[in-house]
Amino acid sequence: MELNKLLKNNKKKLRVGRGIGSGRGKTSSRGHKGQKSRSGVSIKSFEGGQMPLYRRLPKRGFKTLNKKNTAILNLSKIQSICEKSQKNVMDLKILKEGKLINKKFLKLKILGKGELKAKVEITANFASKQAQEKISKAGGKLNILKK
């Protein structure tokens, strides 16, 4: 074991306000009078009457600044859409018109979760490698839009 660990720390905690002989008696290093000398007073954001920073800045709320307006569709969802509506062509506009996805979305992304049996022609902005493989295996076609 190291020597430092064996030696005890003999430094005592300084107790303020314990008489004149302690060197930290009477006002306990708080000075005389005023708000800062009293206990239980918090003035963390007070700027001397100037409008505080937290009130100068605009309210932001819970709206994400970098939200991504991308609809995500898995192959299992595409399969169920094909079975219900008998559509072989899909893109963002058709999905919005059929109220299958929300109108707020600006882009479409295809992910490879689930199985696809129908021959479908899909136009999307993005697609995972797994989705591309499964669509081509099912005999479908995937068109990826350029930016």
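Cut-off values and rules
- Residues numbered from 1 in each chain as written.
- Predicted model: local features only at pLDDT ≥ 70, side-chain atom pairs only at ≥ 80, totals over all residues.
- Heavy atoms only, no water.
- Helix = DSSP H or I, 4+ residues; strand = E, 2+ residues; numbered from the N terminus.
- Pairing = 2+ DSSP bridges.
- Core = buried A, V, L, I, M, F, W, Y, C linked by side-chain atoms within 4.5 Å.
- Buried < 20%, exposed > 50% of the residue type's maximum accessible area, 1.4 Å probe, protein only.
- Contact = heavy atoms within 4.5 Å.
- Arc of directions from axis to C-beta.
- Salt bridge = Lys/Arg side-chain N within 4 Å of Asp/Glu carboxyl O.

K.L.:
Run through the environment of K68, naming residues and quoting values.
P.N.:
With respect to the helices, strands and loops of the structure, K68 is situated in the loop between α2 (53-56) and β1 (70-74). Separated by 38 residues in sequence, K68 and L106 place their C-alpha atoms 8.8 Å apart.

K.L.:
Provide a residue-level description of the sheet that holds strand β2 (residues 89-90), including the pertinent values.
P.N.:
Consider a sheet: its strands pair through backbone hydrogen bonds, and that pairing is either parallel or antiparallel. Spatially, the three strands line up as an open sheet ordered β2-β4-β6, and their pairing is parallel. The sheet is open, and its two edges are formed by β2 and β6 (141-144), each paired on a single side. Summarising the sheet, strand β4 (residues 121-124) and β6 pair through four bridges and their orientation is parallel. Opposite E121, over in β6, you have K141 as the bridge partner.

K.L.:
Go over the nonpolar core with me, naming the residues and quoting the values.
P.N.:
With 22 residues, the main nonpolar core has I78, M90, L108, I110 and I122 as its most contacted residues. Of all the elements, helix α3 (residues 75-85) adds the most residues to this core, at four residues. Leaving out residues up to four positions away in the same chain, L108 has contacts with T70, A71, L73, D91, L92, L95, T123, A124, N125 and F126.

K.L.:
Summarise helix α5 (residues 129-137); cite the residues concerned and give the values.
P.N.:
Listing the buried residues of α5 in full gives A131, K134 and I135. All buried residues of α5 fall inside an arc of 100° around its axis, so they share one side. Facing away from the buried side of α5 by more than 90 degrees, the exposed set consists of K129, E133, S136 and K137. Tucked inside the fold, the buried residues of α5 contact α3, β3 (107-111), β4 and β6.

K.L.:
Account for the pattern of salt bridges, naming residues and giving values.
P.N.:
Scanning the model with the defined rule gives two salt bridges in all. For E47, the salt bridge is made with R56, and the minimal N-O distance between the two is 2.7 Å. The partly exposed category is assigned to R56, whose relative accessible area is 44%. A salt bridge links K134 to E115; its shortest N-O distance comes to 3.9 Å. Of this pair, K134 sits in helix α5 while E115 sits in the loop between β3 and β4; the two residues are 19 residues apart in sequence, bridging distant segments of the chain. Judged by relative accessible area, E115 falls into the exposed class, the value being 53%.

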